[in-house]
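Listed here are the chains, written in short residue letters.
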Amino acid sequence: MKINKNFIPYNKPFFAHESLNFIKDAISKKTIASDGFYTKKCQKFFADKFNFQNTFLTPSCTASLEMAALLANISEGDEVIVPSYTFTSSANAFVLRGAKIKFADSNIYNPNIDPSEIEKLITNKTKAIVIVHYAGIACDMNAIKLITKKFGLLLIEDCAHAINSYFYGKPLGSFGDLSCFSFHDTKNISSGEGGLLVINNKRFLNRAEIIREKGTNRAAFFRGEINKYSWVDIGSSFLCSEITSAYLYGQLCNFDKIQEKRVKIFDYYYSKLKKKSIYKSGLFELPNIINLENRNGHIFYIILKSGKVRDQLIIFLRENNVQAISHYISLHSSKFYIKEHGSRPLKNADKYTNCLLRLPLYPNLKLNEVNKIINLIEKFFKDSKS
Ligand SMILES: *Cc1c(COP(=O)(O)O)cnc(C)c1O
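My aim in this report is to walk through the structure given alongside it, one point at a time.

Parameters at a glance
- Note on numbering: residues in each chain are counted from 1, in written sequence order.
- Per-residue local features of the predicted model are confined to residues with pLDDT of at least 70, and side-chain atom pairs are confined, for both listing and counting, to 80 or more; whole-chain, interface and lining totals are unaffected and use all residues.
- The side-chain values count all of the structure's non-hydrogen atoms but skip hydrogen atoms and water molecules.
- Numbering goes from the N terminus for both helices and strands, where a helix is a DSSP run of H or I of at least four residues and a strand is a run of E of at least two.
- Our radius of gyration is a C-alpha quantity, and the globule rule it is checked against amounts to 2.2 Å times the number of residues to the power 0.38.
- In this scheme, a residue with accessible area under 20% of its type's maximum is buried, one over 50% is exposed, and one in between is partly exposed, where area comes from a 1.4 Å probe on protein chains only.
- Only heavy atoms matter for contacts: two residues are in contact if any of them lie within 4.5 Å across the pair.
- Method for areas: the Shrake-Rupley scheme with a 1.4 Å probe, in which residue coverage is limited to the protein chains shown.
- We count Lys and Arg on the positive side and Asp and Glu on the negative side, and we leave His and both chain ends out.
- In this description, the location of a charge corresponds to atom NZ of lysine, CZ of arginine, CG of aspartate or CD of glutamate.
- In this analysis, axes come from line fits to C-alpha atoms, helices being fitted only over the stretch in contact, and the angle between any two N-to-C directions falls in the range 0 to 180 degrees.
- For classification purposes, angles smaller than 35 degrees are called roughly parallel, those larger than 145 roughly antiparallel, those between 65 and 115 roughly perpendicular, and all remaining angles oblique.
- In this scheme, a crossing is called left-handed if the near helix is turned counterclockwise away from the far one by less than a right angle; it is called right-handed if the turn is clockwise.
- Only strands joined by at least two bridges in the DSSP assignment are considered to pair.
- Whether a residue is near a molecule or strand is decided by its heavy atoms; if any one of them lies within 4 Å of it, the residue is near.
- The definition of a polar contact used here is a pair of N or O atoms within 3.5 Å, where within protein one atom must be able to donate a hydrogen and the other to accept one, and adjacent residues in sequence count solely through side-chain atom pairs.
- Here, a salt bridge means any Lys or Arg side-chain nitrogen found within 4 Å of an Asp or Glu carboxyl oxygen.

**Brief notes about the overall build of the chain**
If you tally the helices and strands in the chain, you get 15 helices and 12 strands. Since a compact globule built from 386 residues should have a radius of gyration of about 21 Å, the 22 Å found for the chain is in line with a globular shape. Counting the 386 residues in the chain, one finds 57% classified as buried. Long-range pairs, those at least 24 residues apart, make up 71% of the contacts in the chain with a sequence separation of at least 6. Working note: accessible area of the chain is about 17,300 Å², and carbon and sulfur atoms make up 54% of it. Once the 54 positive and 35 negative side-chain charges of the chain are each reduced to a mean point, those two points are 5 Å apart.

Have a look at this one:
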């Protein structure tokens, strides 16, 4: 099929013109490696906006998760509980350290981890629980915090979708001992590749500096606290170049604008679809938003009645110049982990694997384009009835 000017892609990353000037400025400062002017500017933004006091920009959310796994001291034989309906990195970071992953099912009402499933998976080998706020819609943090307290487990938040989302007034990313954000091109705020590690549990702070600097105490050396730096622990390079930070800072200067546009589109889809007879007659489900602040316009999805209908709708939309896409193939049924996981069924995760459909959503998507998409969905159901 030819791509023409009417084609509506799934995603178009927002471009901030400020980024170009900031990159030029970063280069003119002649220190583009890491932890310079723009890295500090970005980190300060997150402190001011979300009260994240201890943050590190990283190369990606994947890198942040790998740092979290190192900080949690995950080692051979430890168990980590992870939702199955997520991106590979949420589990892979811990598998790299030798952990066994115990996959938990999603809620029946949304793709987030079902807290009542977590407790059943806890053993004396369990070290940590990873949660993912799917589509930027908060997990049930009251239930999850009760469990981590009761069993003394570390909580790691994969906040790749969750920037600027809240759970009853508290920003997502402030619940976990460690929280990981993504600035990949597909996320709300993007620098191509990029990530953030938020440290809420201060006992990890010193070691995070060292792990991020290839296992050396270089950060303390630069603060003048020691007169030589050397190899003191394991580590890797989890630093973010000033060029990337400068690009990211351009995005952060447009933070509220990007968010307003995304949420407006999300709400438009939601309110229009909710009124349609195709919705009222139960042909699909809408995202379950319990609390209105519980959305950041990251993903707008619908859930069809079967995998077959979902796949037919993808084809129909594609034939009409709209790119709508499925999402995760649950990790418990992935080629890499299915043998290790065994046959324990995860019914809800399977449902989202087969039936969830993501509709186009990006800041410059026009409301008349959203109308076109909604009309096409309506037409699809009317055509398939006749
Ligand atoms: C995108 C994503 C990641 C990985 O982010 P990167 O910055 O590309 O490493 C991890 N977890 C989830 C849930 C994601 O959606």
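**Comments concerning the packing of helix 1 (residues 18–28) against helix 9 (residues 242–252)**
Remark: helix 1 packs on helix 9, axes separated minimally by 8 Å, with the N-to-C direction vectors making an angle of 150 degrees. Overall, the two elements helix 1 and helix 9 adopt an arrangement that is roughly antiparallel. With respect to the hand of their crossing, helix 1 and helix 9 are arranged in right-handed fashion. Along the contact surface, helix 1 presents Glu-18, Ser-19, Phe-22, Ile-23, Ala-26 and Ile-27, while helix 9 presents Glu-242, Ile-243, Ala-246, Tyr-247, Tyr-249, Gly-250 and Gln-251.

**Structural notes on the sheet that holds strand 8 (residues 178–182)**
Strands belonging to one sheet form pairs held by backbone hydrogen bonds; the direction of such a pair is parallel or antiparallel. The seven strands are arranged 1-9-8-5-4-2-3 in an open sheet whose pairing can be described as mixed. Each edge of the sheet is formed by a strand with only one pairing partner; in this case those strands are strand 1 (55–58) and strand 3 (100–104). Sheet twist, expressed as the mean angle between neighbouring strand axes with direction ignored, is 20 degrees. Note that strand 2 (residues 79–83) and strand 3 share five bridges and pair parallel. Paired with Val-82 across the two strands is Phe-103, which belongs to strand 3. Its contacts with the sheet put helix 3 (residues 61–71) on strand 1, strand 5 (154–158), strand 8 and strand 9 (195–199), and the angle it makes with strand 8 is roughly 165 degrees.

**Some details on the site of the ligand**
In the region of the ligand, 15 residues are neighbours, and Thr-62, Asp-158, His-161, Ser-182 and Lys-187 sit closest. Between an oxygen atom of the ligand and a side-chain N or O atom of Thr-62, the distance comes to 2.5 Å. Within the side chain of Tyr-328, a nitrogen or oxygen atom sits 3.0 Å from an oxygen atom of the ligand. For the ligand, the accessible surface in isolation is 380 Å², of which the surrounding protein chains cover 92%.

**Considerations on the pattern of salt bridges**
In this structure the tally under the stated criterion is 20 salt bridges. Among the ionic pairs, Glu-209 bridges to Arg-223, the shortest N-O distance being 2.6 Å. Taken together, the residues Glu-209 in helix 7 (residues 205–212) and Arg-223 in the loop between helix 8 (218–222) and helix 9 connect sequence positions 14 residues apart. For Glu-209, a relative accessible area of 17% puts it in the buried group.

**Notes on the side chain of Ser-330**
Relative to the helices and strands, Ser-330 resides in the loop between helix 12 (307–319) and helix 13 (338–341). A distance of 3.2 Å separates the side chain of Ser-330 from the backbone oxygen of Ala-349, its partner in a polar contact. Within the local environment of Ser-330, its side chain forms a polar contact with the side chain of Thr-353, the two groups lying 2.7 Å apart. When neighbours within four sequence positions are excluded, Ser-330 is seen to be in contact with Ser-84, Tyr-85, Ala-349, Asp-350 and Thr-353.

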